[in-house]
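# Observations on chain architecture
Listed below, chain by chain, are the residues.
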Amino acid sequence: MRMLMFVVAGLGALVAQGGADQYWITYEANDLPENEGWDRRWGNDDGPFHGDGAYRTLENGILTMDSLYDLRVYDYACRYLYGEFDPGPGELFMAEWRLKVDETIGDGYDAKVGISSDDAWQLGIGCFPDHIISKFEDGVEIPITPGVFHEYRVLSWDMQTYDLYIDGDLAHQGTFWQGALPSKFGWGDCVSGAANLSHWDYVRFGVVPEPASVLMLITLCVCAWRSRARLVEET
């Protein structure tokens, strides 16, 4: 019984210790991003906050962004967590989003998710109707089925390497690029010079307990409970 209590206490201590640094930030398309705690950045060739940005509509929990009327437009949502972005020991950074891009015109991608660590290691996933790219990695182009939503998930333990899952399957293992912009997460219509029609169901990111660490303690807890049960039966 004492061993069981010790393991349970250890599990609680791990969660409590990591809880100060862990966070989970979401956008669920219940309202416009700026009304759900995100910063909105928009503009055109005339500079930031010029023009109207993308045409944005909400319907049935989906945010639709349409910038096809003007290649110069950009319009994206972001969050800054200066010095508090990265995972610590026993923690994992996770980002996930569900997206469908119907059309892209102009110079390259327009819809993008961008991740920048506390040390300015950067990852950019550019999304097209039928494929995605990793902006800072040469030759990384992954085909996807056009015309349907896809679920994306990025996992990183060190903010320099990452695993990318698409619809639950591991699609790519890659590396971040050393940039200059720290502690930022952004998504949306990110490029002036290209335009797109895209539909965003949700966007989420944060630092969570590393699954292996929690699983190990739970396993120890179960083993301790089983050992105690056998002792009770033998006596």
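Residues numbered from 1 in each chain as written. Predicted model: local features only at pLDDT ≥ 70, side-chain atom pairs only at ≥ 80, totals over all residues. Heavy atoms only, no water.

Another point: the overall build of the protein chain. Helix and strand counts for the protein chain come out as two helices and 17 strands. Within the protein chain, the fraction of its 235 residues that count as buried is 45%. Of the contacts formed within the protein chain by residues at least 6 apart in sequence, a portion of 69% connects residues at least 24 apart. About 11,900 Å² of surface is accessible on the protein chain, with carbon and sulfur atoms providing 54% of the total. (Helix = DSSP H or I, 4+ residues; strand = E, 2+ residues; numbered from the N terminus. Buried < 20%, exposed > 50% of the residue type's maximum accessible area, 1.4 Å probe, protein only. Contact = heavy atoms within 4.5 Å. Areas by Shrake-Rupley, 256 points an atom, 1.4 Å probe, with all protein chains shown as cover.)

Another point: the pairing of strand β1 (residues 23-27). Only one face of β1 is covered, namely the one carrying Y23, I25 and Y27; the face carrying W24 and T26 has none of its residues buried. Here five bridges tie β1 to strand β17 (residues 194-209), and the two strands are oriented antiparallel to one another. Bridged to Y27 within β17 is V203. (Pairing = 2+ DSSP bridges.)

This paragraph deals with unusual backbone geometry. Residue N60 is not a glycine yet carries a positive backbone phi of 55 degrees. Residue placement: N60 occurs in the loop between β4 (55-59) and β5 (62-66). Taking the relative accessible area as the measure of exposure, N60 reaches 75% and is therefore exposed. Despite not being glycine, D167 has its phi angle at roughly 55 degrees, a positive value. Secondary-structure assignment places D167 in the loop between β13 (161-166) and β14 (169-175).

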